[in-house]
Amino acid sequence: MRIAMIGTGYVGLVSGVCFSEFGFDVTCVDIDTDKIARLNQGEVPIYEPGLDTLIERNLEAGRLAFTTDFDTAVKKADVVFIAVGTPSRRGDGEADLTYVYAAARQIAAAMTPETVVVIKSTVVVGTCRKVAEIIREERPGVPFSIASNPEFLREGSAIEDFMRPDRVVVGAEDELGEAAMRKLYRPLYLRETPILVSTLENAELTKYAANAFLALKITFINEVADLCEKVGADVQKVASGIGLDKRIGGKFLHAGPGFGGSCFPKDTTALAATGQRHGAPLRLVETTIAVNETRKRDMADRVLAALGPDPKGKRVGILGIAFKPNTDDVRDAPSLVIVPALQEAGVEVVAHDPEAREQAEPLLPGLVWCDNPYDVADGVDALAIITEWNVYRGLSLADIAGRMRGRDVIDMRNIWQAADVHEAGLTYRGIGKRAGL
Ligand code: UDX
């Protein structure tokens, strides 16, 4: 089986590399010549644990190639994946499908008969069928198959998610497409991974419904956290208590500063827009989006409250800028709202992040960067943890306390124990716990 992966963004790159690790012959295609040149030298454009080793190994084995030569890659391929970006369209929030349709046209022009075209990009319901129409118009009479194969990869653990998924979702409506997809995922049979083959629409909607549900679950626990703070309860205890109910499940119940990243914000917005367009509004999803937006701003207000009535000229240290740990991604990160809000109030903000500096620096003008997490504490009036990187968990609180000017610690991820922080002579405010607890 020869695969062409169109688009070497996050999803395309991880999926392409993992398929080559399964033993397939994979060519990853991108229009960005610089990126392709770097990838061919084994240089990885994103931070994703383990990806560099897999790229190196499969490049060496000759199973993986990176190219800008779209047509040749498609001609050689039995299966062509479309994994190009589907950004939010300005104005209506619907996913912008320009790149998907352009890729479809180009594939149609270059493909050989019996090619299976698979859409991996997250696309609104109905897109796969439209892509099939486009290909049919461009190459009338040439047999091909269309399939949908949404991804459920989490940044930071994308390789693990690809190799050991909970399930694989496939939309395929003919023998050619279904057989090809089953063959591609055969390496997962040993793990007895469920492969759900269904219609194109079912596969497309499954992806959106999954992400929206997870975003809703996080938002629910965030609101419960607010209530916990008012009534003197502890959201971590409540989350454990409800999470042990198998119908609820304990995952995605960590209260925090609101969800971010490249998927949840974009996908919830797109799903809400689709619901509106079809006259079936998803009100829970619409509310989730609104609550999450407000939450990020509320986090900045918590820090400002700690600084007292006149925050102007005060200094705040931030630990963690990426939208979550183990990634350098800052897309829609809560930090992108919190840091500017503090700066607007006249606060000087210093920050550390193990990986996100390069991505975040252009987006956060005026932010002072530290190479070492301890330096963030130097002379600050308050310290806030926005991202739960593991390196922050074991920092010496005595050392931090010794460097700070003020006493306030705002832990937006509940990674420190209040008692430990108090022992260091600092005050602690976590999420979903009464202040001081
Ligand atoms: C997500 C989905 O998990 C994945 O299946 C999908 O295909 C792409 O989108 P990702 O964006 O990489 O993956 O991150 P994820 O780990 O899901 O976290 C998303 C956001 O939710 C982060 O901002 C994270 O901090 C936040 N989150 C997650 C919480 O605040 N609490 C939780 O309990 C879990």
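Residue numbers here run from 1 along each chain, matching the order of that chain's written sequence. Local features in a predicted model are, by the rule used here, given only for residues with pLDDT of at least 70; side-chain atom pairs are given and counted only at 80 or more, and totals for whole chains, interfaces and linings are based on all residues. To obtain the side-chain values, all non-hydrogen atoms of the structure were used and water was disregarded.

Colleague: So what's going on with the overall build of the protein chain? Which residues, and what values?
Modeller: Secondary structure is summarised from DSSP: a helix means a run of H or I of at least four residues, a strand means a run of E of at least two, and numbering begins at the N terminus for each. Tallying secondary structure elements over the protein chain gives 17 helices and 14 strands in all. In this treatment the radius of gyration is a C-alpha quantity, and the globule benchmark scales as 2.2 Å times the residue count to the 0.38 power. A compact globule built from 437 residues would reach a C-alpha radius of gyration of about 22 Å, and the protein chain, at 24 Å, matches this within 12%. Counting only C-alpha atoms, the protein chain reaches 75 × 50 × 45 Å along its principal axes. By the convention used here, residues are in contact when the closest approach between their heavy atoms is within 4.5 Å. Contacts spanning at least 24 positions in sequence make up 72% of the contacts within the protein chain whose residues lie at least 6 apart. Put simply, the protein chain shows about 19200 Å² of open surface, and 52% of that area lies on carbon and sulfur atoms. Distance from the positive charge centre (50 side chains) to the negative charge centre (62 side chains) of the protein chain: 4 Å. Computed by Shrake-Rupley with a 1.4 Å probe, the accessible areas treat only the displayed protein chains as cover when residues are assessed. Asp and Glu are treated as the negative residues and Lys and Arg as the positive ones, with His and the ends of the chain left uncounted. Where a charge lies is defined by one atom per residue type: Lys uses NZ, Arg uses CZ, Asp uses CG and Glu uses CD.

Colleague: Which residues make up the side chain of Arg295, and what values go with them?
Modeller: Among the structural elements, Arg295 can be located in helix α12 (residues 283–306). Ignoring sequence-local partners within four residues, the contact set of Arg295 consists of Asn222, Asp226, Gly256, Pro257, Gly258 and Ile431.

Colleague: Go over the pattern of salt bridges, please, and point to the residues and values.
Modeller: Side-chain pairs of opposite charge can arise where the charged atoms are in close proximity. Each reported salt bridge corresponds to a side-chain nitrogen of Lys or Arg within 4 Å of a carboxyl oxygen of Asp or Glu. The final tally for this structure, using the stated rule, is 30 salt bridges. The shortest N-O distance in the salt bridge between Arg331 and Asp329 comes to 2.8 Å. We call a residue buried when its accessible area falls under 20% of the maximum for its residue type, exposed when it is over 50%, and partly exposed in between, using a 1.4 Å probe and counting protein chains only. Note on Asp329: relative accessible area 7%, which makes it buried. Measuring nitrogen to oxygen at the nearest pair gives 3.3 Å for the salt bridge that ties Arg403 to Asp399. With Arg403 and Asp399 both in helix α16 (residues 397–403) and four residues apart, this pair spans about one turn of that helix.

Colleague: Can you explain the site of the ligand? Please cite residues and give values.
Modeller: A cutoff of 4 Å decides nearness: a residue is near a molecule or strand if any of its heavy atoms lies inside that distance of it. Among the 18 residues in the neighbourhood of the ligand, the closest are listed as Glu155, His254, Gly260, Lys324 and Arg413. Polar contact is defined as a pair of N or O atoms within 3.5 Å, subject to the rule that within protein one atom must be able to donate a hydrogen and the other to accept it, and that residues adjacent in sequence are counted only when both atoms are side-chain atoms. A distance of 3.2 Å separates an oxygen atom of the ligand from a polar atom in the side chain of Lys207. Backbone polar atom of Phe323 to an oxygen atom of the ligand: 3.3 Å apart, as the coordinates give it. No other element matches the three residues that helix α9 (residues 200–231) contributes to the shell around the ligand. Under the grouping applied here, Gly and all other residues not named as nonpolar or charged are polar, the nonpolar ones being Ala, Val, Leu, Ile, Met, Phe, Trp, Tyr, Cys and Pro and the charged ones Asp, Glu, Lys and Arg. Looking at the shell around the ligand, its residues break down into nine nonpolar, three polar and six charged. Both domains that furnish three or more residues to the shell around the ligand are identified here as domain 1 (2–199) and domain 2 (237–429). An automatic or database domain assignment supplies the residue ranges for each domain.

Colleague: I'd like a description of the sheet that holds strand β6 (residues 144–148), backed by residues and values.
Modeller: Any two strands with at least two DSSP-identified bridges between them are counted as paired. Spatially, β3-β2-β1-β4-β5-β6-β7-β8 is the arrangement adopted by the eight strands of the open sheet, whose pairing is mixed. Whereas interior strands pair on both sides, the edge strands pair on one side only; in this sheet they are β3 (64–67) and β8 (195–198). Taken over all neighbouring pairs, the strand axes of this sheet differ in orientation by 20° on average, direction set aside. Convention adopted: a line fitted to C-alpha atoms gives each axis, helices being fitted over their contacting stretch, and angles between N-to-C directions are expressed from 0 to 180 degrees.

Colleague: Before we move on, could you go through the packing of α9 against helix α11 (residues 264–277) and cite the residues and values that matter?
Modeller: Contact geometry for α9 and α11: axes closest at 9 Å, N-to-C directions at 115°. It follows that α9 is roughly perpendicular to α11 by the angle criterion. Considering the relative orientation of α9 and α11, their crossing is left-handed. Contact residues: α9 offers Leu205, Lys207, Tyr208, Asn211, Ala212, Leu214, Ala215 and Ile218, while α11 offers Phe264, Asp267, Thr268, Ala270 and Leu271. Grouping the constituent residues of the contact of α9 with α11 by class yields nine nonpolar, two polar and two charged. When an angle is under 35 degrees it counts as roughly parallel; over 145 it counts as roughly antiparallel; between 65 and 115 it counts as roughly perpendicular; any other value is oblique. Crossing handedness is defined as follows: a turn of the near helix away from the far one that is anticlockwise and smaller than a right angle gives a left-handed crossing, while the clockwise case is right-handed.

Colleague: Can you lay out the domain arrangement of the protein chain for me, pointing to particular residues and giving the numbers?
Modeller: When its domains are assigned, the protein chain resolves into domain 1 (2–199) and domain 2 (237–429). Summarising the inter-unit geometry, the C-alpha centres of domain 1 and domain 2 are found 33 Å apart. Counting from both sides, the interface comprises 15 residues of domain 1 and, opposite them, 17 residues of domain 2. A 1.4 Å probe defines the accessible area here, and the buried area is the portion of it lost by two parts on being joined, summed over both. Surface buried jointly by domain 1 and domain 2 totals about 1300 Å² across both partners, of which 47% is contributed by carbon and sulfur atoms. Interface area lost by domain 1 to domain 2 is led by Tyr47, Glu94 and Glu155, which between them contribute 47%. Here domain 1 is connected to domain 2 by two salt bridges. With its nearest N and O atoms 2.6 Å apart, the salt bridge here joins Glu94 to Arg277. If you look at where domain 1 meets domain 2, you find five residue pairs in polar contact (both at pLDDT 80 or more). When its residues are assigned to classes, the side of domain 1 that touches domain 2 shows six nonpolar, five polar and four charged.

Colleague: Please give an account of empty space enclosed by the protein that cites residues and values.
Modeller: Here a cavity is any set of points on a 1 Å grid over the protein atoms alone where a 1.4 Å probe fits but cannot get out, and a pocket is any open set with protein on both sides within 12 Å along at least 5 of 7 lines; a residue lines the site when it has an atom within 4 Å of a point. Grid points are joined across faces, edges and corners, and a volume is the space filled by probe spheres set on the points. Counted according to the given criterion, the structure contains one cavity of 30 Å³ or more. What lines the largest cavity is Ile119, Ser121, Thr122, Val123, Ser148, Asn149, Pro150, Glu204, Lys207 and Tyr208. Sort the elements by how many residues they give to the lining of the largest cavity and α9 lands first, with three residues. Across the lining of the largest cavity, the residue classes tally to four nonpolar, four polar and two charged.

Colleague: Explain the packing of aromatic side chains to me, and be specific about the residues and the numbers.
Modeller: Centres within 6.5 Å make a pair out of two Phe, Tyr or Trp rings, where for Trp the six-membered ring is used; the pair is then stacked when the planes are under 30 degrees apart, edge-to-face when over 60, and tilted otherwise. For the coordinates displayed, the defined rule picks out nine aromatic pairs. Three or more aromatic residues joined by ring pairs form one cluster here, namely Phe19, Phe22, Phe24, Phe81, Phe162 and Tyr185. We count a charge as sitting over a ring when the NZ of a lysine or the CZ of an arginine lies within 6 Å of the ring centre and within 35 degrees of the ring normal. Across the ring face of Phe152, the terminal group of Arg167 is positioned such that the distance to the ring centre comes to 3.7 Å.

Colleague: So, the sheet that holds strand β10 (residues 348–352): which residues are in play, and what are the values?
Modeller: In sheet architecture, strand pairing relies on hydrogen bonds along the backbone and comes in two forms, parallel and antiparallel. Spatially, β11-β10-β9-β12-β13-β14 is the arrangement adopted by the six strands of the open sheet, whose pairing is parallel. Two strands bound the open sheet, and with one partner strand each, they are β11 (368–369) and β14 (427–429). Here strand β9 (residues 315–319) runs beside β10; their pairing, made up of five bridges, is parallel. When the bridges of β10 are listed, Ile318 appears paired with Ala351. Strand contacts of α12: β9, β12 (382–385), β13 (408–411) and β14, with the helix running at about 170° to β13, the strand carrying the most contacts.

Colleague: Provide a residue-level description of the environment of Lys314, including the pertinent values.
Modeller: By the secondary structure assignment, Lys314 is in the loop between α12 and β9. Judged by relative accessible area, Lys314 falls into the partly exposed class, the value being 26%. A sequence separation of 32 residues divides Lys314 from Gly346, and the C-alpha atoms of the two residues are 7.5 Å apart.

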